[in-house]
Amino acid sequence: MTKPVFAPRVFSGIKPSGGLTLGNYLGAIKRFVDMQGPKFETIYCVVDLHAITVWQDPAELRTATREVAAGYLASGIDPERSILFNQSQVHEHAELGWLFNCVARVGWMNRMTQFKDKAGENAEGVSLGLYAYPSLMAADILLYHATHVPVGEDQKQHVELTRDIAAKFNHDYKVDFFPMTTPVIEGPAMRIMNLRDGTKKMSKSGESDMERINMTDDADLIAKKFKKAKTDPEPLPETVEGLAARPEAKNLVDIYAALNDQTAEQVITEYAGAGWGRFKPALADLAVEKLAPISTEMKRLMDDPAEIDRTLGRGADRAREIAQPILRQAYDIVGMLRS
Ligand code: AQP
(Lines give C-alpha, C1' and ligand atoms only; values in the text may rest on other atoms or scores of the structure.)
Protein backbone atom coordinates (compact mmCIF):
# COMPACT_ATOMS: atom_id res chain seq x y z
CA MET A 1 0.00 0.00 0.00
CA THR A 2 1.34 3.48 -0.83
CA LYS A 3 1.92 5.81 2.10
CA PRO A 4 -0.30 8.91 2.23
CA VAL A 5 1.36 12.25 1.50
CA PHE A 6 0.47 14.91 4.05
CA ALA A 7 0.34 18.53 2.84
CA PRO A 8 2.79 20.81 4.72
CA ARG A 9 0.75 22.19 7.58
CA VAL A 10 1.89 24.00 10.71
CA PHE A 11 0.03 23.88 14.02
CA SER A 12 1.10 25.51 17.27
CA GLY A 13 -0.51 27.03 20.33
CA ILE A 14 -0.03 29.13 23.44
CA LYS A 15 -1.76 28.67 26.80
CA PRO A 16 -3.63 31.69 28.17
CA SER A 17 -2.37 30.98 31.69
CA GLY A 18 -1.23 34.59 32.18
CA GLY A 19 0.18 37.47 30.17
CA LEU A 20 2.58 36.75 27.31
CA THR A 21 6.31 36.84 28.04
CA LEU A 22 9.35 37.59 25.94
CA GLY A 23 9.94 33.79 26.00
CA ASN A 24 6.57 33.20 24.30
CA TYR A 25 7.33 35.94 21.79
CA LEU A 26 10.84 34.89 20.80
CA GLY A 27 10.42 31.13 21.25
CA ALA A 28 7.02 30.92 19.60
CA ILE A 29 5.04 33.88 18.17
CA LYS A 30 7.86 35.55 16.21
CA ARG A 31 8.62 32.22 14.55
CA PHE A 32 4.93 31.55 13.88
CA VAL A 33 4.81 34.84 11.98
CA ASP A 34 7.87 33.87 9.93
CA MET A 35 6.27 30.56 8.93
CA GLN A 36 3.28 32.23 7.31
CA GLY A 37 3.71 32.08 3.57
CA PRO A 38 3.34 29.85 0.57
CA LYS A 39 5.30 26.90 1.99
CA PHE A 40 2.84 26.00 4.77
CA GLU A 41 -0.79 26.27 5.72
CA THR A 42 -0.59 27.75 9.23
CA ILE A 43 -2.96 27.12 12.13
CA TYR A 44 -2.40 28.95 15.42
CA CYS A 45 -4.39 28.39 18.55
CA VAL A 46 -4.99 29.87 21.99
CA VAL A 47 -5.05 26.61 23.92
CA ASP A 48 -7.50 27.55 26.66
CA LEU A 49 -8.30 23.93 27.59
CA HIS A 50 -4.65 23.52 28.57
CA ALA A 51 -4.73 26.63 30.76
CA ILE A 52 -7.28 25.08 33.15
CA THR A 53 -5.00 22.17 34.04
CA VAL A 54 -4.12 24.66 36.79
CA TRP A 55 -7.08 26.59 38.31
CA GLN A 56 -7.79 29.87 36.54
CA ASP A 57 -10.14 32.63 37.56
CA PRO A 58 -12.85 32.47 34.83
CA ALA A 59 -12.92 36.22 34.11
CA GLU A 60 -9.11 36.40 34.04
CA LEU A 61 -8.99 33.38 31.73
CA ARG A 62 -11.27 35.12 29.22
CA THR A 63 -9.09 38.24 29.39
CA ALA A 64 -5.89 36.20 29.00
CA THR A 65 -7.40 34.33 26.03
CA ARG A 66 -8.10 37.65 24.30
CA GLU A 67 -4.65 38.94 25.28
CA VAL A 68 -2.90 35.96 23.70
CA ALA A 69 -5.02 36.46 20.57
CA ALA A 70 -4.10 40.16 20.59
CA GLY A 71 -0.43 39.20 20.97
CA TYR A 72 -0.63 36.96 17.92
CA LEU A 73 -2.39 39.63 15.84
CA ALA A 74 -0.18 42.52 16.97
CA SER A 75 2.97 40.53 16.20
CA GLY A 76 1.86 39.89 12.62
CA ILE A 77 -0.32 36.78 12.51
CA ASP A 78 -2.72 37.53 9.68
CA PRO A 79 -6.11 35.92 10.42
CA GLU A 80 -6.81 35.63 6.70
CA ARG A 81 -3.56 33.84 5.83
CA SER A 82 -3.49 31.78 9.03
CA ILE A 83 -6.30 30.11 10.94
CA LEU A 84 -6.42 31.73 14.40
CA PHE A 85 -8.86 30.49 17.06
CA ASN A 86 -9.23 29.33 20.64
CA GLN A 87 -9.21 25.61 21.29
CA SER A 88 -12.43 25.25 23.31
CA GLN A 89 -14.52 26.52 20.37
CA VAL A 90 -13.54 23.41 18.39
CA HIS A 91 -14.78 20.52 20.57
CA GLU A 92 -13.05 17.99 18.32
CA HIS A 93 -9.80 18.71 20.24
CA ALA A 94 -11.25 17.26 23.45
CA GLU A 95 -12.76 14.29 21.63
CA LEU A 96 -9.55 13.28 19.88
CA GLY A 97 -7.77 13.92 23.20
CA TRP A 98 -9.95 11.19 24.74
CA LEU A 99 -9.08 8.72 21.99
CA PHE A 100 -5.41 9.47 22.62
CA ASN A 101 -5.84 8.97 26.38
CA CYS A 102 -6.72 5.44 25.39
CA VAL A 103 -3.67 5.11 23.12
CA ALA A 104 -0.94 6.76 25.25
CA ARG A 105 0.58 4.64 28.02
CA VAL A 106 0.86 5.68 31.66
CA GLY A 107 4.57 4.85 31.51
CA TRP A 108 5.03 7.43 28.73
CA MET A 109 3.29 10.12 30.79
CA ASN A 110 5.46 9.28 33.80
CA ARG A 111 8.52 10.29 31.79
CA MET A 112 7.28 13.81 30.97
CA THR A 113 9.73 16.20 32.60
CA GLN A 114 7.39 19.20 32.39
CA PHE A 115 4.83 17.35 34.54
CA LYS A 116 7.52 16.54 37.09
CA ASP A 117 8.65 20.19 37.13
CA LYS A 118 5.13 21.57 37.44
CA ALA A 119 3.82 19.02 39.92
CA GLY A 120 6.96 19.29 42.07
CA GLU A 121 6.55 17.75 45.52
CA ASN A 122 2.77 17.78 45.18
CA ALA A 123 2.23 15.20 42.40
CA GLU A 124 -0.71 13.59 44.26
CA GLY A 125 -2.54 16.87 44.58
CA VAL A 126 -2.41 18.22 41.02
CA SER A 127 -5.20 17.76 38.48
CA LEU A 128 -5.52 14.68 36.31
CA GLY A 129 -5.64 17.14 33.40
CA LEU A 130 -2.09 18.33 34.11
CA TYR A 131 -0.92 14.73 33.88
CA ALA A 132 -2.86 14.02 30.67
CA TYR A 133 -1.95 17.40 29.08
CA PRO A 134 0.52 15.91 26.55
CA SER A 135 -2.12 13.62 25.07
CA LEU A 136 -4.47 16.58 24.50
CA MET A 137 -1.51 18.42 22.95
CA ALA A 138 -1.01 15.44 20.60
CA ALA A 139 -4.69 15.73 19.66
CA ASP A 140 -4.31 19.48 18.96
CA ILE A 141 -1.57 18.72 16.47
CA LEU A 142 -2.87 15.53 14.87
CA LEU A 143 -6.46 16.78 14.54
CA TYR A 144 -5.11 18.84 11.64
CA HIS A 145 -2.63 16.24 10.38
CA ALA A 146 -0.02 18.91 11.08
CA THR A 147 3.38 18.06 9.64
CA HIS A 148 5.41 20.74 11.48
CA VAL A 149 5.15 22.21 14.98
CA PRO A 150 7.30 25.23 15.87
CA VAL A 151 7.90 25.13 19.63
CA GLY A 152 10.46 26.13 22.22
CA GLU A 153 12.90 23.58 23.63
CA ASP A 154 10.61 22.93 26.64
CA GLN A 155 7.94 21.37 24.39
CA LYS A 156 10.25 19.03 22.46
CA GLN A 157 9.44 16.01 24.62
CA HIS A 158 5.70 16.57 24.10
CA VAL A 159 6.09 16.63 20.31
CA GLU A 160 8.10 13.41 20.53
CA LEU A 161 5.23 11.91 22.52
CA THR A 162 2.85 13.09 19.78
CA ARG A 163 4.89 11.02 17.31
CA ASP A 164 4.74 8.00 19.64
CA ILE A 165 0.95 8.33 19.91
CA ALA A 166 0.56 8.66 16.12
CA ALA A 167 2.79 5.62 15.56
CA LYS A 168 0.94 3.49 18.12
CA PHE A 169 -2.47 4.48 16.75
CA ASN A 170 -1.35 3.67 13.20
CA HIS A 171 0.17 0.39 14.34
CA ASP A 172 -2.73 -0.74 16.59
CA TYR A 173 -5.35 -0.08 13.90
CA LYS A 174 -3.14 -1.05 10.92
CA VAL A 175 -3.56 2.30 9.19
CA ASP A 176 -1.34 5.11 7.95
CA PHE A 177 -3.70 7.75 9.24
CA PHE A 178 -1.67 10.16 11.39
CA PRO A 179 1.56 11.79 10.16
CA MET A 180 4.88 11.79 12.01
CA THR A 181 5.00 15.46 12.96
CA THR A 182 8.37 17.25 12.93
CA PRO A 183 9.17 19.61 15.82
CA VAL A 184 10.75 22.83 14.52
CA ILE A 185 13.18 24.01 17.19
CA GLU A 186 15.82 26.36 15.82
CA GLY A 187 17.43 29.74 16.43
CA PRO A 188 18.90 31.46 19.50
CA ALA A 189 15.59 31.80 21.40
CA MET A 190 14.61 28.21 21.98
CA ARG A 191 14.94 28.54 25.73
CA ILE A 192 14.75 32.07 27.11
CA MET A 193 15.67 31.93 30.77
CA ASN A 194 14.43 33.62 33.91
CA LEU A 195 16.18 37.01 34.46
CA ARG A 196 16.86 36.20 38.11
CA ASP A 197 18.07 32.61 37.64
CA GLY A 198 19.63 31.62 34.33
CA THR A 199 19.03 27.93 35.01
CA LYS A 200 15.22 28.28 35.02
CA LYS A 201 12.94 28.98 32.06
CA MET A 202 11.21 32.35 31.78
CA SER A 203 7.53 31.54 32.45
CA LYS A 204 4.23 33.42 32.54
CA SER A 205 3.44 31.98 35.93
CA GLY A 206 6.86 32.42 37.57
CA GLU A 207 6.67 33.83 41.10
CA SER A 208 8.16 37.28 40.60
CA ASP A 209 7.34 39.74 37.84
CA MET A 210 11.02 40.79 37.82
CA GLU A 211 11.95 37.34 36.46
CA ARG A 212 10.32 37.98 33.12
CA ILE A 213 9.69 40.61 30.48
CA ASN A 214 5.98 40.78 29.70
CA MET A 215 4.98 41.78 26.20
CA THR A 216 2.94 44.60 27.69
CA ASP A 217 5.71 46.03 29.92
CA ASP A 218 6.48 49.70 29.25
CA ALA A 219 9.92 51.07 28.35
CA ASP A 220 10.84 52.03 31.93
CA LEU A 221 9.92 48.64 33.32
CA ILE A 222 11.84 46.80 30.57
CA ALA A 223 14.94 48.92 31.29
CA LYS A 224 14.56 48.33 35.04
CA LYS A 225 14.18 44.55 34.64
CA PHE A 226 17.26 44.23 32.43
CA LYS A 227 19.25 46.52 34.74
CA LYS A 228 18.40 44.29 37.71
CA ALA A 229 18.83 41.03 35.75
CA LYS A 230 21.31 38.69 37.40
CA THR A 231 24.73 38.54 35.71
CA ASP A 232 28.28 37.70 36.73
CA PRO A 233 31.15 40.18 37.23
CA GLU A 234 32.98 39.28 33.99
CA PRO A 235 32.68 41.32 30.78
CA LEU A 236 31.32 39.61 27.66
CA PRO A 237 33.78 37.05 26.27
CA GLU A 238 35.64 37.12 22.94
CA THR A 239 33.83 34.01 21.61
CA VAL A 240 30.47 32.27 22.22
CA GLU A 241 32.32 29.32 23.74
CA GLY A 242 33.17 31.68 26.60
CA LEU A 243 29.45 31.81 27.48
CA ALA A 244 29.19 28.06 28.10
CA ALA A 245 29.41 28.13 31.90
CA ARG A 246 27.72 31.55 32.26
CA PRO A 247 23.94 30.89 31.97
CA GLU A 248 22.78 34.44 32.78
CA ALA A 249 25.25 36.05 30.36
CA LYS A 250 24.35 33.54 27.66
CA ASN A 251 20.65 34.25 28.15
CA LEU A 252 21.04 38.02 27.68
CA VAL A 253 23.16 37.48 24.56
CA ASP A 254 20.58 35.02 23.18
CA ILE A 255 17.77 37.50 23.82
CA TYR A 256 19.69 40.26 22.03
CA ALA A 257 20.42 37.95 19.09
CA ALA A 258 16.82 36.76 18.74
CA LEU A 259 15.39 40.28 18.97
CA ASN A 260 17.82 41.55 16.34
CA ASP A 261 17.57 38.51 13.99
CA GLN A 262 21.25 37.76 14.57
CA THR A 263 23.24 34.78 15.78
CA ALA A 264 24.88 34.78 19.22
CA GLU A 265 28.25 34.81 17.39
CA GLN A 266 27.38 38.09 15.67
CA VAL A 267 26.38 39.69 18.98
CA ILE A 268 29.61 38.55 20.64
CA THR A 269 31.67 39.89 17.74
CA GLU A 270 30.09 43.31 18.27
CA TYR A 271 30.22 43.32 22.09
CA ALA A 272 33.38 41.29 22.87
CA GLY A 273 34.91 42.66 26.07
CA ALA A 274 31.93 44.95 26.82
CA GLY A 275 30.85 45.33 30.43
CA TRP A 276 27.23 45.06 31.60
CA GLY A 277 27.04 48.85 31.93
CA ARG A 278 27.25 48.99 28.15
CA PHE A 279 25.44 45.81 27.14
CA LYS A 280 22.36 45.96 29.38
CA PRO A 281 21.19 49.43 28.24
CA ALA A 282 21.77 48.43 24.59
CA LEU A 283 19.65 45.30 25.19
CA ALA A 284 16.90 47.31 26.89
CA ASP A 285 16.82 49.83 24.01
CA LEU A 286 16.58 47.02 21.48
CA ALA A 287 13.79 45.27 23.41
CA VAL A 288 11.81 48.51 23.69
CA GLU A 289 12.30 49.24 19.98
CA LYS A 290 10.97 45.78 19.03
CA LEU A 291 8.25 45.35 21.67
CA ALA A 292 6.77 48.86 21.94
CA PRO A 293 4.92 48.78 18.60
CA ILE A 294 3.55 45.33 19.46
CA SER A 295 2.36 46.29 22.93
CA THR A 296 0.77 49.49 21.60
CA GLU A 297 -1.14 47.46 19.02
CA MET A 298 -2.10 44.86 21.64
CA LYS A 299 -3.61 47.59 23.79
CA ARG A 300 -5.54 48.95 20.83
CA LEU A 301 -6.91 45.49 20.02
CA MET A 302 -7.81 44.79 23.66
CA ASP A 303 -9.96 47.94 23.66
CA ASP A 304 -12.33 46.12 21.29
CA PRO A 305 -12.81 42.63 22.77
CA ALA A 306 -15.86 41.94 20.58
CA GLU A 307 -13.70 42.22 17.47
CA ILE A 308 -11.15 39.78 18.90
CA ASP A 309 -14.00 37.37 19.70
CA ARG A 310 -15.31 37.65 16.14
CA THR A 311 -11.86 36.93 14.72
CA LEU A 312 -11.50 33.85 16.96
CA GLY A 313 -15.00 32.68 16.03
CA ARG A 314 -14.28 32.92 12.31
CA GLY A 315 -11.01 31.07 12.83
CA ALA A 316 -12.82 28.34 14.81
CA ASP A 317 -15.26 27.82 11.91
CA ARG A 318 -12.35 27.37 9.52
CA ALA A 319 -10.49 25.08 11.94
CA ARG A 320 -13.58 22.89 12.35
CA GLU A 321 -13.81 22.36 8.60
CA ILE A 322 -10.44 20.59 8.74
CA ALA A 323 -10.89 18.96 12.15
CA GLN A 324 -14.35 17.44 11.73
CA PRO A 325 -13.61 14.99 8.89
CA ILE A 326 -10.34 13.92 10.52
CA LEU A 327 -12.07 13.19 13.83
CA ARG A 328 -14.86 11.30 12.02
CA GLN A 329 -12.33 9.13 10.23
CA ALA A 330 -10.51 8.49 13.51
CA TYR A 331 -13.82 7.42 15.12
CA ASP A 332 -14.54 5.11 12.18
CA ILE A 333 -11.07 3.58 12.45
CA VAL A 334 -11.48 2.76 16.15
CA GLY A 335 -14.99 1.36 15.64
CA MET A 336 -17.38 4.01 16.91
CA LEU A 337 -20.88 3.45 15.56
CA ARG A 338 -22.46 6.38 13.73
CA SER A 339 -26.22 6.26 13.01
N1 AQP B 1 11.11 30.77 28.07
C2 AQP B 1 10.78 30.33 26.88
N3 AQP B 1 11.70 30.29 25.88
C4 AQP B 1 11.37 29.85 24.63
N5 AQP B 1 10.12 29.44 24.31
C6 AQP B 1 9.18 29.48 25.26
N7 AQP B 1 7.88 29.15 25.26
C8 AQP B 1 7.34 29.37 26.48
N9 AQP B 1 8.29 29.86 27.30
C10 AQP B 1 9.45 29.92 26.58
C11 AQP B 1 7.20 28.62 24.10
O12 AQP B 1 5.97 29.32 23.95
C13 AQP B 1 5.01 28.41 23.42
C14 AQP B 1 3.76 28.49 24.24
O15 AQP B 1 4.00 27.97 25.52
P16 AQP B 1 2.82 27.88 26.54
O17 AQP B 1 2.54 29.20 27.10
O18 AQP B 1 1.65 27.21 25.94
O19 AQP B 1 3.37 26.88 27.62
P20 AQP B 1 4.61 26.97 28.54
O21 AQP B 1 5.83 26.57 27.77
O22 AQP B 1 4.29 26.15 29.76
O23 AQP B 1 4.71 28.51 28.89
P24 AQP B 1 4.92 29.18 30.26
O25 AQP B 1 5.15 30.62 30.00
O26 AQP B 1 5.98 28.47 31.05
O27 AQP B 1 3.50 29.04 30.95
P28 AQP B 1 3.13 28.57 32.39
O29 AQP B 1 4.01 29.35 33.34
O30 AQP B 1 1.69 28.91 32.59
O31 AQP B 1 3.35 27.11 32.44
C32 AQP B 1 5.64 27.02 23.39
O33 AQP B 1 6.07 26.77 22.07
C34 AQP B 1 6.80 27.17 24.30
O35 AQP B 1 7.86 26.29 23.93
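Worth saying up front: this structure is predicted, and the values here are computed from it rather than measured. (Residues numbered from 1 in each chain as written. Predicted model: local features only at pLDDT ≥ 70, side-chain atom pairs only at ≥ 80, totals over all residues. Heavy atoms only, no water.)

### Brief notes about the site of the ligand
Next, step 1: Surveying the vicinity of the ligand reveals 23 residues, the closest of which are Ser-17, Lys-118, Asp-154, Lys-204 and Ser-205.
Next, step 2: One of the backbone nitrogen or oxygen atoms of Gly-23 is found 3.4 Å away from a nitrogen atom of the ligand.
Next, step 3: In the environment of the ligand, a nitrogen atom lies 2.8 Å from a nitrogen or oxygen atom belonging to the backbone of Ile-192.
Next, step 4: Broken down by secondary-structure element, the contributors of at least two residues to the shell around the ligand are strand S1 (9–14), helix H1 (22–35) and helix H6 (113–119).
Next, step 5: Broken down by element, the shell around the ligand gets its largest block of residues, four residues, from H1. (Near = heavy atom within 4 Å. Polar contact = N/O pair within 3.5 Å; in protein donor to acceptor, adjacent residues only side chain to side chain. Helix = DSSP H or I, 4+ residues; strand = E, 2+ residues; numbered from the N terminus.)

### Topic: unusual backbone geometry
Next, step 1: Backbone geometry places His-145, a non-glycine residue, at a positive phi of 50°.
Next, step 2: Checked against the element boundaries, His-145 lands in the loop between helix H7 (128–142) and strand S4 (148–150).
Next, step 3: Phi at Lys-174 is positive, roughly 55°, even though this residue is not glycine.
Next, step 4: The residue Lys-174 is located in the loop between helix H8 (156–172) and strand S5 (182–184) in this model.

### Some words on the nonpolar core
Next, step 1: In this structure, Leu-22, Leu-26, Tyr-72, Phe-226, Ile-255 and Phe-279 are the most contacted members of the largest nonpolar core, which totals 61 residues.
Next, step 2: With 11 residues, the top contributor of residues to this core is helix H12 (residues 276–302).
Next, step 3: Contacts of Phe-279, omitting those with residues within four sequence positions, involve Leu-236, Leu-252, Val-253, Tyr-256, Val-267 and Tyr-271.
Next, step 4: Judged by nonpolar contacts, the second largest core, of 44 residues, contains Phe-11, Leu-130, Ile-141 and Ile-326. (Core = buried A, V, L, I, M, F, W, Y, C linked by side-chain atoms within 4.5 Å. Buried < 20%, exposed > 50% of the residue type's maximum accessible area, 1.4 Å probe, protein only. Contact = heavy atoms within 4.5 Å.)

### A short note on the packing of aromatic side chains
Next, step 1: Under the criterion given, the structure shown has 15 aromatic pairs.
Next, step 2: Each ring, one from Trp-276 and one from Phe-279, has its centre 6.0 Å from the other, and the planes form 75°; the classification is edge-to-face. One end of the pair is Trp-276 and the other is Phe-279, both in helix H12 and three residues apart, which spans about a single turn. In this pair, the class of Trp-276 matches that of Phe-279, namely buried.
Next, step 3: Each residue in the set Phe-100, Phe-169, Tyr-173, Phe-177 and Phe-178 is aromatic and connected to the rest through ring pairs, giving one cluster. (Phe/Tyr/Trp six-rings, centres within 6.5 Å; stacked < 30°, edge-to-face > 60°.)

### A word on helix H13 (residues 305–334)
Next, step 1: When the terminal C-alpha atoms of H13 are compared, their 40 Å separation across 30 residues agrees well with the 44 Å that a helix rising 1.5 Å per residue should span.
Next, step 2: When the local axis directions of H13 are compared, the greatest deviation, roughly 30°, occurs at Arg-320.
Next, step 3: Gly-335 lies just past H13 and shows a positive phi near 100°. (Expected span 1.5 Å × (residues − 1). Bend = angle between axes of the 7 residues up to and from the residue.)

### Comments concerning a positive patch on the surface
Next, step 1: Taken together, Arg-196, Lys-224, Lys-227 and Lys-228 make up a surface patch of like positive charges.
Next, step 2: In this structure Lys-227 comes out as exposed when scored by relative accessible area, which is 67%. (Patch = residues over 30% accessible without salt bridge, like charges linked within 9 Å, V, L, I, M, F, W, Y side chains within 5 Å. Areas by Shrake-Rupley, 256 points an atom, 1.4 Å probe, with all protein chains shown as cover. Salt bridge = Lys/Arg side-chain N within 4 Å of Asp/Glu carboxyl O. Lys, Arg positive; Asp, Glu negative; His and termini not counted. Charge placed at Lys NZ, Arg CZ, Asp CG, Glu CD.)

### Observations concerning the domain arrangement of the protein chain
Next, step 1: Partitioning the protein chain into domains gives domain 1 (9–190 + 304–334) and domain 2 (209–300).
Next, step 2: Around 1300 Å² of area is buried between domain 1 and domain 2 when both sides are counted, 73% of it from carbon and sulfur atoms.
Next, step 3: Taken as a group, Leu-22, Ala-74 and Pro-188 account for 41% of the area that domain 1 buries against domain 2, more than any other trio of residues on that side.
Next, step 4: Inspection of the region where domain 1 meets domain 2 yields one salt bridge.
Next, step 5: The residue Asp-261 makes a salt bridge to Lys-30 at a minimum N-O spacing of 2.5 Å.
Next, step 6: Inspection of the region where domain 1 meets domain 2 yields three residue pairs in polar contact (both at pLDDT 80 or more).
Next, step 7: Those elements giving two or more residues to the side of domain 1 that touches domain 2 turn out to be H1 and helix H3 (58–75). (Domains from an automatic or database assignment. Buried area = accessible area lost by both parts, 1.4 Å probe.)

### As for the environment of Ala-258
Next, step 1: Tracing the sequence through the fold places Ala-258 in helix H10 (residues 247–259).
Next, step 2: For the pair formed by Ala-258 and Gly-37, sequence separation is 221 residues and the distance between their alpha carbons is 21 Å.
Next, step 3: Non-local contacts of Ala-258, meaning those with residues more than four positions away in its chain, are made with Leu-26, Lys-30, Pro-188 and Ala-189.

### Quick look at the packing of H1 against H3
Next, step 1: Look at H1 against H3: their axes get within 9 Å of each other, and the N-to-C directions meet at 55°. Accordingly, the angle class assigned to the pair H1 and H3 is oblique. Note on packing geometry: the crossing formed by H1 with H3 is right-handed. Contacts from Tyr-25, Ile-29, Phe-32 and Val-33 in H1 reach Gly-71, Tyr-72 and Ser-75 in H3. (Axes fitted to C-alpha atoms, helices over the stretch in contact; angles between N-to-C directions. Parallel < 35°, antiparallel > 145°, perpendicular 65-115°, else oblique. Left-handed = near helix turned anticlockwise from the far one by under 90°.)

### Examining the packing of H10 against helix H11 (residues 264–271)
Next, step 1: Running from N to C, H10 and H11 cross one another at 105°; their axes reach a closest spacing of 8 Å. By the angle between their directions, the pair H10 and H11 is classed as roughly perpendicular. In this structure, H10 contributes Val-253, Asp-254, Tyr-256 and Ala-257 to the contact, and H11 contributes Ala-264, Val-267, Ile-268 and Tyr-271.
Next, step 2: Of the residues belonging to the contact of H10 with H11, the class tally is seven nonpolar, no polar and one charged. (Nonpolar A, V, L, I, M, F, W, Y, C, P; charged D, E, K, R; others polar.)

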